[in-house]
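# Structural features, examined
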There are 2 protein chains.
Amino acid sequence: MAKDNKKMVDAITSMDEDFAKWYTDICKKAELVEYTSVKGCMVIRPYGYAIWENIQRILDGMFKATGHENVCMPMFIPESLLQKEKDHVEGFAPEVAWVTHGGNEKLEDRLCVRPTSETLFCEHYSNIVHSYRDLPKLYNQWVSVVRWEKTTRPFLRSREFLWQEGHTIHATAEEAIEETERMLNVYATFCEECLAMPVIKGKKTESDKFAGAVSTYAIEALMHDGQALQAGTSHYFGDGFAKAFDIMYTDKDNKKVYPHQTSWGVTTRLIGAVIMTHGDNNGLVLPPAVAPIQTVIIPVQQHKEGVLEKANEIKERLVKAGVRVKLDDSDNTPGWKFAEYEMKGVPVRIEIGPKDIEQNQCVIVTRHNREKFFVSLDNLEKEVDEKLTAVRDGLYANALANREKRTYSCKTMDEITEALEKNGNGFVKAMWCGDEACEDKVKEVTGVGSRCIPFDQEQISDVCVCCGKPAKQMVYWGRAY
Amino acid sequence: MAKDNKKMVDAITSMDEDFAKWYTDICKKAELVEYTSVKGCMVIRPYGYAIWENIQRILDGMFKATGHENVCMPMFIPESLLQKEKDHVEGFAPEVAWVTHGGNEKLEDRLCVRPTSETLFCEHYSNIVHSYRDLPKLYNQWVSVVRWEKTTRPFLRSREFLWQEGHTIHATAEEAIEETERMLNVYATFCEECLAMPVIKGKKTESDKFAGAVSTYAIEALMHDGQALQAGTSHYFGDGFAKAFDIMYTDKDNKKVYPHQTSWGVTTRLIGAVIMTHGDNNGLVLPPAVAPIQTVIIPVQQHKEGVLEKANEIKERLVKAGVRVKLDDSDNTPGWKFAEYEMKGVPVRIEIGPKDIEQNQCVIVTRHNREKFFVSLDNLEKEVDEKLTAVRDGLYANALANREKRTYSCKTMDEITEALEKNGNGFVKAMWCGDEACEDKVKEVTGVGSRCIPFDQEQISDVCVCCGKPAKQMVYWGRAY
């Protein structure tokens, strides 16, 4: 048993030794993805895709509860359409895939595979929005998009990735801004409650906003290694796209005016965030809300009379209680199974053998801290439910502790360099004058870029960390994925 | 009221006048789709997409109940990979979209946007299937695919369409054939029970099978105008793809052997099938299982005291009973609303006004036959449930009656021509010797092609309808979408 266990665990690189290798090892060994001959594109395998399905199901419910409807736009954008909004095309054109031929025929207007769908939504709005009665339109779509990245990593950066893109159009700027904030809050709630991942909510600096946006809001999370990860974005467009695409509506006073737009998205990157926030040297650790298997039952001495019967009975009880449960009655040893489901990050493990049955109990082990509990079968459903909650809470607490440990308040550039050298990567909280030159210089000198201007401001000092002039706001800085 | 009503209805072309125009009118007026500047691609609008979401949810449950797991393959296939299976590439290469540039860089190996994903699944199998222990793999994915069609029509034929593609790999031919049949039966059950659309199950002739398949099974439905529509296909590949992609596994006797494969799919075409099977001159008629709104509540004299309160109370009761219900309390007239939700094909309408409330009743109207029922509010949930079942059963019975009326048993080519001329398009049942020349000639002379060789055979005659030689089997023939 110990030997098998060791063999499985040996197969992953330690995260302290090589975090990047540890990450890709988990992606492969937990059977989340597999590489393909299409450079920068991957197969999302059943176990990885099931995580995405859970993310989709929960978020889709939250989108619908806030009044959004799903639609589906074409995957192609004619070059002429992409070019209508100047900033947008500049931002995206260099990194799109171009379709030049349909069958054997050369296309007159090249088509790009959507890198994002603002232009398609705008064209659609111009067809269907005419009066204030037609507003707002609150749309979303679950699709994949393509960006021709040079360096790729599973989930974090790939040429094709899955995402949802919300697109809305409103009568007023106020309504659109409110929507932008609402959806950022939906993302934050989802990340904190369902992914057990604390996030910082804030605004991107001018240099970092989405191509074509007036302002971009983001949620930023800190990974186990102290690098930041942008987990979701929400953009306010003002009426810039409406003007570029000639979208106008007749308001209540019978005047023709421009509507205001937003878009917002999260991607399969969230799976990468979950891996790097909660994973450990035994493999993946999944928050229960998105775990394909929430509880695995592993029979001990399963060939003894009554063991499999009891294991099945337990399984049926948990299924009935709404738990995603798996009973592994395969021929592998219990030790092999322990290691396998630890690798796969199953939050709760139940062990049951002849001795347990005799005592009307089972053993419950929580994945994130490997704590062991002897539990009466009489209270099984309640105990499992409590343990699943405990895993979520424990994961959140650990992630928050890591972020707090790795957040450094700095008043000078030297303090930044020192903090990072001494404590390793993390979030740096420091004041900024608002000048792009200072933003660039901080990055150049210390290596950390601006992550966001957080909604929750603190007064670390009165002056800019870089130039010493009066500071406008506090910024979170960090190295990012 | 009558005027509003008339106005809405006038907007659709009558199906007897111009069936094709009636069809596209419904697609637009029921707000299922909207055209785009991307030729042959469409926007699926919220109401249309919600139908697809219901189809997805039900089918996905049926796939998972039969042991299948969802995955996600890349949307691109390198040209070199597509070319590995000879028949397959011949069938698909002429109609794919080619990506030749990523950003500003020209690709060495062109990529096609997947027209179907056998080649990607095969590449993946070759990476993960090594031993009999790895088999079977039962996969499915919900994605969109692209085929560069010349003439396109919403849902029926478009350059990009949404679908699911199941892909499975098995140790033996028997298992794979069993899977092919199992999934055809899943499709048939879904179409008959959930879409209220009777289908013929059968095998495609050699000339009509999928590029690369040993045999293709299909379900064929008959539309209201007597044209046939292929509603789903299931393919048995034998070991042809395995040989082309060098997929081998070690069997229990430690020998290296080739596995056997299948694939199967249905598309957004099913929405077109629903429109053309059940729709009428007042618009769409939706089977309850996939209707985004199963019941609409329309208050009458809604400004009178208590009407909206009662309407809301009814709504809450139905929500609780699991009905997808909408209360339309907008300022439009009841007449306008009646026409609107008839156009949108909502299966059951509830009208409630002051007089109904006084008598503790409401009016229920079933969309497909416009029958009117006065129903006590005490039995509301039960009555609505029964009416929804009645709509499904009524739709199925009507569709079946239309198919039976339009199915002609013919012994000679002249009989075929005569039947079609006299009764209009429909299914022709006629015997066939199995010779492709006869198949072609039937089509050339009578205009109807082979749809399938049905599993349920009848002996219409002893000889081929075309050449008079001994017949091998009965074939369904018809004009097809």
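For the structure given in this document, a descriptive report is provided here. (Residues numbered from 1 in each chain as written. Chains lettered and ligands numbered in written order. Predicted model: local features only at pLDDT ≥ 70, side-chain atom pairs only at ≥ 80, totals over all residues. Heavy atoms only, no water.)

## What about the sheet that holds strand 16 (residues 325–327) of chain B?
Residue and element names in this part refer to chain B. Here is the rule we go by: Strands were regarded as paired on the criterion that DSSP finds at least two bridges between them. Secondary structure elements follow DSSP: runs of H or I of four or more residues count as helices, runs of E of two or more count as strands, with numbering from the N terminus. To get an axis, a line is fitted to the C-alpha atoms, and for a helix only the part in contact is used. The angle between two axes follows their N-to-C directions and goes from 0 to 180 degrees. Contact between two residues is taken to exist if any of their heavy atoms lie within 4.5 Å; hydrogens are not considered.
Here we have five strands laid out as an open sheet, ordered 16-15-17-18-19, and mixed in their pairing. The sheet terminates laterally at strand 16 and strand 19 (371–376), the two strands that pair on one side only. In this sheet, adjacent strand axes meet at a mean angle of 25 degrees when their direction is disregarded. Pairing of strand 15 (residues 295–299) with strand 17 (residues 348–352) involves five bridges; the strand directions are parallel. Bridge pairing links P299 to I352 in strand 17. Sitting on the sheet, helix 11 (residues 334–343) is in contact with strand 15, strand 16 and strand 17, with an inclination near 170 degrees to strand 15. Of the strands in this sheet, strand 15, strand 17, strand 18 (361–366) and strand 19 touch helix 13 (residues 380–405), which is tilted by about 10 degrees from strand 18.

## Description of the interface of chain A and chain B
Threshold: By buried area we mean the combined loss of accessible area, with a 1.4 Å probe, across both parts when two parts are placed together. Only one rule defines a salt bridge in this text: a Lys or Arg side-chain nitrogen within 4 Å of an Asp or Glu carboxyl oxygen. Residues adjacent in sequence count toward polar contacts only when both atoms are side-chain atoms; beyond that, a polar contact is any pair of N or O atoms within 3.5 Å, and within protein one must be able to donate a hydrogen and the other to accept it. Ten residues, namely Ala, Val, Leu, Ile, Met, Phe, Trp, Tyr, Cys and Pro, are considered nonpolar, four, namely Asp, Glu, Lys and Arg, are considered charged, and the remaining ones, Gly among them, are considered polar.
The partner chain B presents 53 residues to the 53 residues of chain A that form the contact. At the boundary of chain A with chain B, total buried surface from both sides reaches about 4,200 Å², with 60% on carbon and sulfur atoms. Sorting the residues of chain A by area buried against chain B places C72, M75 and W148 of chain A first, and these three jointly supply 13% of that buried surface. Residue K64 of chain A pairs with E53 of chain B through a salt bridge whose shortest N-O separation is 3.1 Å. Taken together, the connections running from chain A to chain B amount to 17 residue pairs in polar contact (both at pLDDT 80 or more). Class assignment for the residues of the side of chain A that touches chain B results in 31 nonpolar, 11 polar and 11 charged.

## Re the side chain of T116 of chain A
Residue and element names in this part refer to chain A. Within the secondary structure, T116 is located in the loop between strand 6 (105–113) and helix 6 (118–128). Among the polar contacts made by the side chain of T116, one reaches the side chain of E118 at a distance of 2.6 Å. For T116, the residues in contact, after removing those within four places along its chain, are I77, H88, F92, V145, R147, W163, E165 and F210.

## Some points on empty space enclosed by the protein
Condition: Grid points spaced at 1 Å over the protein atoms alone were grouped into cavities, where a 1.4 Å probe fits but cannot get out, and pockets, open sets with protein on both sides within 12 Å along at least five of seven lines, with lining residues defined by an atom within 4 Å of a point. Grid points are joined across faces, edges and corners, and a volume is the space filled by probe spheres set on the points.
For the coordinates displayed, the defined rule picks out five cavities of 30 Å³ or more. Volume-wise, the largest cavity comes out at about 80 Å³. Around the largest cavity sit C41, M42, I44, S158, E160, F161, L162 and T268 of chain A together with C72, M73 and P74 of chain B, which together line it. Listed by contribution, the elements that provide at least two residues to the lining of the largest cavity are strand 2 (42–44) and strand 8 (160–170) of chain A. With three residues, strand 8 of chain A is the largest single contributor of residues to the lining of the largest cavity. Here the lining of the largest cavity is composed, by residue class, of eight nonpolar, two polar and one charged.

## Regarding the relation of the copies chain A and chain B
What counts is decided by this rule: Least squares is used to superpose the copies, and the fit set is the C-alpha atoms of residues whose pLDDT is at least 70 in both copies.
Rotating chain A by 180 degrees about the axis while translating it 0.0 Å along that axis superimposes it on chain B, leaving an RMSD of 0.0 Å. Expressed as a symmetry operation, the mapping of one chain copy onto the other fits a two-fold axis. Residues of chain A ranked by C-alpha distance from the rotation axis are headed by V99 of chain A, positioned 2.1 Å from it. An overlap of 100% is found between the interface residues of chain A and their copies at the interface of chain B, pointing to a shared contact surface.

## Things to note about the sheet that holds strand 4 (residues 76–78) of chain B
Within a sheet, each strand pairs with its neighbour through backbone hydrogen bonds, oriented either parallel or antiparallel. Here we have six strands laid out as an open sheet, ordered 4(A)-6(A)-5(A)-5(B)-6(B)-4(B), and antiparallel in their pairing. Looking at strand neighbours, the two that pair on one side only are strand 4 (76–78) of chain A together with strand 4 of chain B, the edges of this open sheet. Adjacent strand axes in the sheet meet at a mean angle of 45 degrees, parallel and antiparallel pairs treated alike. Bridge analysis of strand 4 of chain A against strand 6 of chain A gives three bridges, and the strand direction is antiparallel. If you follow P78 of chain A over to strand 6 of chain A, its bridge partner there is L111 of chain A.

## Side note on the nonpolar core
Soluble, globular proteins show a tendency: their nonpolar side chains are buried together. Selection rule: Side-chain atoms within 4.5 Å link the members of a nonpolar core, which is a set of buried Ala, Val, Leu, Ile, Met, Phe, Trp, Tyr and Cys residues. Note on exposure labels: buried denotes an accessible area under 20% of the residue type's maximum, exposed denotes more than 50%, and partly exposed covers the range between, all computed with a 1.4 Å probe on protein chains only.
The biggest cluster of nonpolar side chains holds 82 residues, and the ones touching the most others in it are F76, V99 and V113 of chain A together with F76, V99 and V113 of chain B. Apart from the residues within four sequence positions on either side, F76 of chain A is in contact with V99, L111, C112, V113 and L120 of chain A together with V38, C41, A97, V113, V146 and W148 of chain B.

## Here we look at the environment of E118 of chain A
Counting through the fold element by element, E118 of chain A comes out in helix 6. Along the sequence, E118 of chain A and R147 of chain A sit 29 residues apart, while their C-alpha atoms lie 15 Å from each other.

## Observations concerning the pairing of strand 14 (residues 260–267) of chain B
Residue and element names in this part refer to chain B. Summarising burial for strand 14: eight of the eight residues are buried, a large majority. Of the two faces of strand 14, the one holding H260, T262, W264 and V266 and the one holding Q261, S263, G265 and T267 are both buried throughout. Sheet topology places strand 8 (residues 160–170) next to strand 14; eight bridges connect them, and they run antiparallel. Note on strand 14: the bridge partner recorded for I169 is Q261.

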